[in-house]
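Each chain, letter by letter, is given below.
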Amino acid sequence: MEENIISFKATLNGLILVMREEDDFDVIYESVARKLETSGRFFKGASLDVKYRGKKLDSVQQNKIASLIAQKASAEVKSFEEDETFNGAEMEAEEPDRSSEKPRMRLMYFKGLEEGMTRFYKGTVRSGTLVSYQGNLVVIGDVNPGGEVIAAGNVIVMGSLRGMVHAGADGNKEAVVAALSLQPTQLRIADVITRPPDTKQIRQGLLPEMAFVKDDLVFIETFLPQFK
Amino acid sequence: MSEVIVITSGKGGVGKTTTTANIGTGLALSGQKVVLIDTDIGLRNLDVVMGLENRIVYDLVDVVEGNCRVKQALIKDKRYDGLYLLPAAQTRDKSSVKPQQMMDLCGELKEEFDYIIVDCPAGIEQGFKNAIAGADRAIVVTTPEVSAVRDADRIVGLLEANELRNPKLLINRMRSDMVKRGDMMSIDDIIDILAIGLVGVVPDDEKIVVSTNRGEPAINDQKSPAGQAYRNIVRRIKGEEVPYMTFGEDQGFMVKLKRLLGLKAD
């Protein structure tokens, strides 16, 4: 329950400190200190506009937390004020909605398939792990069953892809999925969802393949001439 | 008259998920409309045991957060009519769902289904509290080991504290040969400690491993002793009186005959 006391949300030029109304100031202060102890390095050298919500603080308390952030995170706190754009009703709706991690379908989808922002993820994506990016995504390693890889652009797996993969997650049907061994639990490109047939096929060794969408159907092809 | 039954144990690895899959399948086979809910968020297994993993699009967390309607998240079983699965999320954690949300969800599903079987995660924390929130009845799974029985005892206490009276006991992975040698707790030993009603005893059966790996519940395997035990349990859940399979003492007619003739039964 510890981590529920406070949470940080990143904004464009700062962060929002979300608190719970029912907690004492001392409890909040303690957990801000603890949280910064572990994740404070992230803000090092930054200058932040900090806003808070969920609980009213008086000016003494504001100063205490502001200087705590400045000190623990080695960051400059440009301002520290209550988040007024926020009202209580929104909190209920927004708090549990962490699904914004998963990119939503949009009219303005990611178009940098040829030359765009790319994230490189090194290591195995194990069960329960979600690796996502608002661009192309390259996994240097395997994706195990239960692992999820979601990208707004292409997904390339330099290993065996056995988990769930979603390319073009915000709507780009041109996105492709390629892997050295393509055996996903489920494969999605934009809003097209497929799964492998129930009959088990036994395949040995690595066979690099690429999946793409044509006429709302997913096609899978080898892309190396020697395997054709 | 629909019912929410939670399958719980406290200890991990005693067979909650296997039990959920088999009881759910058994109830569906007997013509009931059944939905299985996996509440083990972050460590989901029920979809794998049911062989439905690759059909998951939405999950329990999506439903409670309102990203989709309940009907969109329900996965129809590929073999049995009237059997549905509501899978857990894998990349989230137990705090993504609150007990009140589970209560509301169970209430909603009750209008549609005859039985709602909730697969509870191991432990007594948030996941357990979520799983039991909407339940009308509970089945406590244990194996004949002191550690599992100790945890089952704790669970029975917690269930009673949460107004879930008269939980039923399911003893899993019983090995009559070991009980006979005195190396394993007997059914009576376990009931002595837990003092709750027995719903059934499932023998240790290699076929369970095979069926779990294949993603096909063993209950429909006529040759599997565990399958037979689960079929009896399903009938008991539906209110029938079914005699218990013989355990602990003998394994069948041949053993009895041997003993009768004075031969050492092994």
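Predicted, not measured: the structure shown is a model, and the values here were computed from it. (Residues numbered from 1 in each chain as written. Chains lettered and ligands numbered in written order. Predicted model: local features only at pLDDT ≥ 70, side-chain atom pairs only at ≥ 80, totals over all residues. Heavy atoms only, no water.)

Caption draft 1: Structural detail: the side chain of N136 of chain A. Residue and element names in this part refer to chain A. In this structure, N136 sits in strand β7 (residues 136-140). Separated by 3.0 Å, the side chain of N136 and the backbone oxygen of G112 make a polar contact. Beyond its immediate sequence surroundings of up to four residues, N136 is in contact with F110, G112, L113, G116, M117, T118, R119, G153 and N154. (Helix = DSSP H or I, 4+ residues; strand = E, 2+ residues; numbered from the N terminus. Polar contact = N/O pair within 3.5 Å; in protein donor to acceptor, adjacent residues only side chain to side chain. Contact = heavy atoms within 4.5 Å.)

Caption draft 2: Main features of the pattern of salt bridges. All names here are of chain B. Counted under the stated rule, the structure contains 16 salt bridges over all chains. For E3, the salt bridge identified is with R137, shortest N-O distance 2.9 Å. One end of the pair, E3, is in strand β1 (residues 3-8); the other, R137, is in strand β6 (residues 137-142), and 134 residues separate them in sequence. Under the relative-accessibility criterion, E3 is labelled buried at 13%. Here R137 falls in the partly exposed class, since its relative accessible area comes to 25%. Across the pair R173 and D204 runs a salt bridge, and its minimum N-O distance is 3.5 Å. Taken together, the positions of R173 in strand β7 (residues 168-174) and D204 in the loop between β8 (198-203) and α10 (206-214) put the pair 31 residues apart, joining distant regions of the chain. (Salt bridge = Lys/Arg side-chain N within 4 Å of Asp/Glu carboxyl O. Buried < 20%, exposed > 50% of the residue type's maximum accessible area, 1.4 Å probe, protein only.)

Caption draft 3: Focus on the packing of aromatic side chains. Residue and element names in this part refer to chain A. Applying the stated rule across the entire model yields three aromatic pairs over all chains. For the ring pair F25 and Y29, a centre distance of 6.0 Å and an interplane angle of 40° mean the geometry is tilted. Within this pair, F25 and its partner Y29 are both found in helix α1 (residues 25-39), separated by four residues, close to a single helical turn. By relative accessible area, F25 is classed as buried at 10%. Y29 sits in the partly exposed class, given a relative accessible area of 23%. When the ring of F212 is compared with that of F219, the centres are 5.9 Å apart and the planes differ by 15°; the resulting orientation is stacked. Note that K111 overlies the ring of Y109, its terminal NZ or CZ placed 4.8 Å from the centroid. Seen from the ring of F219, K214 lies directly overhead, with NZ or CZ sitting 5.9 Å from the centre. (Phe/Tyr/Trp six-rings, centres within 6.5 Å; stacked < 30°, edge-to-face > 60°. Lys NZ or Arg CZ within 6 Å of the ring centre and 35° of its normal.)

Caption draft 4: Structural detail: the packing of helix α1 (residues 16-29) of chain B against helix α11 (residues 225-237) of chain B. Residues and elements named next belong to chain B. Two elements in contact, α1 and α11, have axes separated by 9 Å at closest approach and are oriented at 65°. Taken as axis vectors, α1 and α11 run roughly perpendicular relative to one another. With respect to the hand of their crossing, α1 and α11 are arranged in right-handed fashion. Residue-level contacts link T18, T19, N22, I23, G26 and L27 of α1 to Y230, I233, V234 and I237 of α11. Here the residues of the contact of α1 with α11 are counted per class, giving six nonpolar, four polar and no charged. (Axes fitted to C-alpha atoms, helices over the stretch in contact; angles between N-to-C directions. Parallel < 35°, antiparallel > 145°, perpendicular 65-115°, else oblique. Left-handed = near helix turned anticlockwise from the far one by under 90°. Nonpolar A, V, L, I, M, F, W, Y, C, P; charged D, E, K, R; others polar.)

Caption draft 5: Highlighting the confidence of the model for chain A. For chain A, the average pLDDT comes to 81, and 81% of its residues sit at 70 or higher. Within the model, pLDDT remains below 50 along residues 87-102 of chain A, and this stretch shows 27 contacts once partners closer than five positions in the same chain are excluded. (pLDDT = per-residue confidence, 0-100.)

Caption draft 6: Summary view of the nonpolar core. Residue and element names in this part refer to chain B. By size, the foremost hydrophobic cluster in this structure holds 53 residues, and its most contacted members are V6, I37, L60, M102, L105 and L109. In terms of residue count, helix α7 (residues 146-161) provides more of this core than any other element does, six residues in total. Every residue in contact with M102, bar those within four places of it in the chain, is listed here: I37, T39, L60, V97, V118, N130 and A133. If you look at the next biggest cluster of nonpolar residues, it comprises 35 residues, including I7, A28, L170 and V234. (Core = buried A, V, L, I, M, F, W, Y, C linked by side-chain atoms within 4.5 Å.)

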